[in-house]
Amino acid sequence: MMKKAVLAIALSLAASAVYAQSPDSVRLVAPVADSVHLFTPAADSVRLVSTAADSTLVPELPDTLSQRPSANRGRKARKGGSAAAAERPSEWTDAYLDTVDTKKAFVLNDYAMVGIHYGVSFNRMSFNPVYPQTYIFSPEYYGVTVSKYGKLFNMYPNFGLEAGIFYGHEGYKFKENKETGAIASIKGATECRFTVVEAPLMAAMHIDSKYFKLVANLGIYAGYRLTVERIGENVAEQYRNDFIEDMDRRFDYGLRGALGFGVVFSPVEFHLKANLRYGWGTIYEPDWYSEYYYRFAYPFDLIVTGSVYIHLGRRTGKTNAALKKEAYRMVYGTE
């Protein structure tokens, strides 16, 4: 018994000395029957748990050790941000990330354009009383416009304004009445052509993709008739190329719209449009023929135009103004 007691004391002293010298050492506890001994070791020590006198002591990692980030994880966090950011899901392998297709968002800027237009027109009038007539083909139609696109209610980037000036034609040409075989005339003219300059102001609507766009315009115009040419066998010479006082009206105004599509190769766009122009002002005084029976004639023209637009700013991407704002925020932290 004396030998066993001395041996037990020696083992206890040896274990205490080892534990005191190293924080990472194993702490041994003498088992007691039918009891559980739990200890709170140092931060990096190993806890031994025993549940019976004859059981084997099994080391168990402390909670503080399992929760501590490793040294490598800490180094990753210092290099790339937080530890959570450094850890990526296991399914995000390098092979998977190589297959991810990342595309830039297509965002339109507020930008302006200058347009150069050429086209042809098909001219006629809306008469009251009605006369049988056909279209006049006029191959000369020129114009220059300025367009400014912006965001409606500061949200929708598909709207804008377009203003410009155009040179073109108006007129009418009577044809034979199938019932009577007669051809109507006004002051002896069976055909009349006007040259006109007009200035439209229209709303511009557009739906864009990277290289294509749909465009539409709707607005009003004001114009002025520059020259007149009356054609017919019974036209008096003084009326052939002159406006008739107290009969002809030279000012023009009305409604105008357009619909078409464009091809975009920034900073240039090519548009093809069909334009409709409907005059609200008659071309002659309503009582020129009779003070009791008024007559009216309103221009009604179809115009096909091809246009080249040149961008005056960036259509997409960061503009100079956006870059300046971003730099200001980076320096001062506010707008």
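Thresholds, definitions, all that
- Residues numbered from 1 in each chain as written.
- Predicted model: local features only at pLDDT ≥ 70, side-chain atom pairs only at ≥ 80, totals over all residues.
- Heavy atoms only, no water.
- Helix = DSSP H or I, 4+ residues; strand = E, 2+ residues; numbered from the N terminus.
- Contact = heavy atoms within 4.5 Å.
- Areas by Shrake-Rupley, 256 points an atom, 1.4 Å probe, with all protein chains shown as cover.
- 1 Å grid on protein atoms, 1.4 Å probe; cavity = no way out; pocket = protein on both sides within 12 Å on 5 of 7 lines; lining within 4 Å.
- Points joined across faces, edges and corners; volume = space filled by probe spheres on them.
- Nonpolar A, V, L, I, M, F, W, Y, C, P; charged D, E, K, R; others polar.
- Phe/Tyr/Trp six-rings, centres within 6.5 Å; stacked < 30°, edge-to-face > 60°.
- Buried < 20%, exposed > 50% of the residue type's maximum accessible area, 1.4 Å probe, protein only.

Novice: I'm lost on the overall build of the protein in this one. Help?
Specialist: Summing up its helical and strand segments, the protein has seven helices and 11 strands in all. Taking as baseline every contact in the protein between residues at least 6 positions apart, the subset at least 24 positions apart corresponds to 62%. Approximately 21700 Å² of the protein is accessible, and the part contributed by carbon and sulfur atoms is 61%.

Novice: Any chance you could explain empty space enclosed by the protein here in plain terms?
Specialist: To find leftover empty space, one rolls a probe the size of a water molecule over the atoms. Following the criterion strictly, the structure yields three cavities of 30 Å³ or more and no others. Roughly 60 Å³ of volume is contained in the largest cavity. Forming the walls of the largest cavity are His117, Glu162, Phe166, Met202, Asn217, Arg256, Ala258, Lys273, Asn275, Thr305, Ser307 and Tyr309. Here the lining of the largest cavity takes three residues from strand β11 (residues 296-311), the largest share from any one element. Classifying every residue of the lining of the largest cavity by side-chain character gives four nonpolar, five polar and three charged. As a volume, the second largest cavity reaches approximately 40 Å³. Forming the walls of the second largest cavity are Tyr149, Glu162, Ala204, Met205, Val215, Ala216, Asn217, His271, Lys273 and Tyr309.

Novice: Any chance you could explain the packing of aromatic side chains here in plain terms?
Specialist: Where two aromatic rings form a pair, the distance of their centres and the angle of their planes describe that pair. The tally for this structure, following the rule as stated, stands at 18 aromatic pairs. Their ring planes at 80 degrees and their centres at 5.2 Å tell us that Tyr111 and Tyr149 sit as a pair that is edge-to-face. A residue pair is termed long-range when its members are at least 10 positions apart, and Tyr111 in the loop between α5 (94-99) and β3 (112-128) and Tyr149 in strand β5 (residues 136-152) qualify at 38 residues. Tyr149 shares its class with Tyr111; the two are buried. Each ring, one from Phe127 and one from Tyr131, has its centre 5.2 Å from the other, and the planes form 85 degrees; the classification is edge-to-face. For the residue pair Phe127 and Tyr131, the accessibility class agrees, reading buried in each case.

Any functional reading would require information that these geometric values do not contain.
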